[in-house]
Amino acid sequence: MSNIIEFKNVYKSFYTKEGEIAVIENLNLTLEKGKILGLLGPSGSGKSTILNMVTNLTEPTSGDIKVNGKIGYMFQKDNLLDWRTIKDNIMIGLEIQNKIDNEALLKIDSLLKMYDLWEFKNRFPRELSGGMRQRVALIRTLATDPDILLLDEPFSALDYQTRLLVSDDIHRIIKQENKDAILVTHDISEGIAMCDTVCVLSKRPATIKQTYNIKLTIDKEETHTEIKRTPMNSRNAPEFRTYFDLVWKELEVYAKQ
Ligand SMILES: Nc1ncnc2c1ncn2[C@@H]1O[C@H](COP(=O)(O)OP(=O)(O)OP(=O)(O)O)[C@@H](O)[C@H]1O
């Protein structure tokens with residue numbers, strides 16, 4: 001299995017008025033092709049710093065980072081521009097990169113059609129629900145054709161029910177488009193439901209305390225046709241609760257400190 005992202009013995013510190021603060025220590029991490037990797041950890045443990053090192057926004061103080069592919073970022077806020085239509089919002093990344101050509105326009109049209117946004121292409125963001133806006137934000141990222149998606153708490157601004165539906169939606173699109181992804185989340189259930197592997201980080205300076213390869217028994221339909229794993233049906237798998245308890249216990253240690 002080839003690795004798309006590899007962190008080897010990564011150490012990261014910041015210099016502040018109070019002196020040097022170690023944020024990441026001895027971090028070893030891999031993202032395999034075709035997988036979604038979840039990062040769960042206490043607040044301030046350095047999850048966003050890890051993503052920033054993947055995108056080269058900040059460099060490691062020491063250690064090695066390899067990234068084999070183009071990165072796309074999806075944030076908690078959809079950052080859609082209110083004065084631009086849905087289609088114009090989706091085009092923005094390509095516009096900035098000066099890459100609008102016929103091929104790009106055809107691709108955008110096909111993404112709009114494939115992911116049920118075609119009839120909304122001339123609407124404005126305020127006319128769409130929170131869940132649909134997140135779908136637009138993902139399509140905007142996909143339009144620039146990234147190989148790897150970095151998802152920094154993309155659902156946390158949504159209400160619970162929408163969050164469940166949107167995570168199913170986004171998971172389906174990521175798998176359908178054959179993207180690899182890292183998902184940062186505070187939500188244990190969401191991490192287990194969405195990800196193939198979940199890494200639990202310690203508090204600062206963060207290192208990986210535990211890695212769980214999520215293996216779930218997903219019920220087959222009566223016809224015995226294979227049904228694909230989705231975040232929603234993952235939650236009903238018999239092993240789900242066991243993983244939840246393991247991760248909960250791991251994180252509880254830090255909540256008590
Ligand atoms: N540029 C910087 N200069 C100094 N300290 C920083 C800088 N960026 C991040 N930090 C510190 O590094 C630590 C980790 O921050 P980071 O945002 O990566 O954590 P996080 O796990 O993503 O947090 P949260 O879960 O609350 O979003 C924090 O203590 C933060 O204050």
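The rules behind these values
- Residues numbered from 1 in each chain as written.
- Predicted model: local features only at pLDDT ≥ 70, side-chain atom pairs only at ≥ 80, totals over all residues.
- Heavy atoms only, no water.
- Near = heavy atom within 4 Å.
- Polar contact = N/O pair within 3.5 Å; in protein donor to acceptor, adjacent residues only side chain to side chain.
- Areas by Shrake-Rupley, 256 points an atom, 1.4 Å probe, with all protein chains shown as cover.
- Helix = DSSP H or I, 4+ residues; strand = E, 2+ residues; numbered from the N terminus.
- Salt bridge = Lys/Arg side-chain N within 4 Å of Asp/Glu carboxyl O.
- Buried < 20%, exposed > 50% of the residue type's maximum accessible area, 1.4 Å probe, protein only.
- Contact = heavy atoms within 4.5 Å.
- Expected span 1.5 Å × (residues − 1).
- Arc of directions from axis to C-beta.
- Domains from an automatic or database assignment.
- Buried area = accessible area lost by both parts, 1.4 Å probe.
- Nonpolar A, V, L, I, M, F, W, Y, C, P; charged D, E, K, R; others polar.

Some details on the site of the ligand
Not every one of the 13 residues close to the ligand is listed here, only the nearest: Ser43, Lys47, Ser48, Thr49 and Arg204. Note that an oxygen atom of the ligand is positioned 2.9 Å from one of the backbone N or O atoms of Gly46. At 2.9 Å, a side-chain N or O of Ser48 approaches an oxygen atom of the ligand. When the free accessible area of the ligand is taken as 640 Å², the share hidden by the protein chains comes to 62%. Broken down by secondary-structure element, the contributors of at least two residues to the shell around the ligand are strand S1 (3-16) and helix H1 (47-54). Residue contributions to the shell around the ligand peak at three residues, all from H1.

Here's the deal with the pattern of salt bridges
Counted according to the given criterion, the structure contains 13 salt bridges. Between Lys179 and Asp145 there is a salt bridge; the shortest N-O distance is 3.6 Å. Here the residue Lys179 occupies a position in the loop between helix H6 (160-176) and strand S7 (180-184), and Asp145 occupies one in the loop between helix H5 (130-143) and strand S6 (148-152), the gap between them amounting to 34 residues. Lys179 gets classed as buried once you look at its relative accessible area, which sits at 9%. Among the ionic pairs, Arg172 bridges to Asp169, the shortest N-O distance being 2.9 Å. One end of the pair is Arg172 and the other is Asp169, both in helix H6 and three residues apart, which spans about a single turn. The exposure class of Asp169 is buried, given its relative accessible area of 11%. Each member of the salt-bridge network shares a partner with another, and the members are Lys107, Asp145 and Lys179.

What about the environment of Thr211?
Here Thr211 shows up in strand S9 (residues 208-213). Judged by relative accessible area, Thr211 falls into the partly exposed class, the value being 41%. Along the sequence, Thr211 and Leu29 sit 182 residues apart, while their C-alpha atoms lie 9.5 Å from each other. Beyond its immediate stretch of four places on either side in the chain, Thr211 contacts Thr197, Val198 and Cys199.

Overview of helix H4 (residues 102-114)
Over its 13 residues, H4 extends 18 Å from the first C-alpha to the last, a length consistent with the 18 Å expected when each residue adds 1.5 Å. If you check which residues of H4 are buried, you get Ala104, Ile108, Asp109, Leu111 and Leu112. The arc enclosing the buried residues of H4, seen along the axis, measures out at 160°, which places them on a common side. Exposed positions of H4 whose direction lies more than 90 degrees from the buried face are Asn102, Glu103 and Leu106. Where H4 is buried, its residues touch helix H2 (86-90), helix H3 (92-96) and H5. Among the residues trailing H4, Asp116 stands out with phi positive, at a value near 55°.

Thoughts on the domain arrangement of the protein chain
Splitting the protein chain by domain gives domain 1 (3-69 + 148-256) and domain 2 (80-146). The C-alpha-based centres of domain 1 and domain 2 are spaced at 26 Å. On the domain 2 side, the residues contacting the 13 residues of domain 1 number twelve residues. Of the roughly 1100 Å² buried at the junction of domain 1 and domain 2 (both faces included), carbon and sulfur atoms supply 64%. At the boundary of domain 1 and domain 2, one finds two salt bridges. When residues of the side of domain 1 that touches domain 2 are traced back to their parent elements, those giving at least two are S6 and H6. In terms of residue count, H6 provides more of the side of domain 1 that touches domain 2 than any other element does, seven residues in total. For the side of domain 1 that touches domain 2, the residue count by class is seven nonpolar, two polar and four charged.

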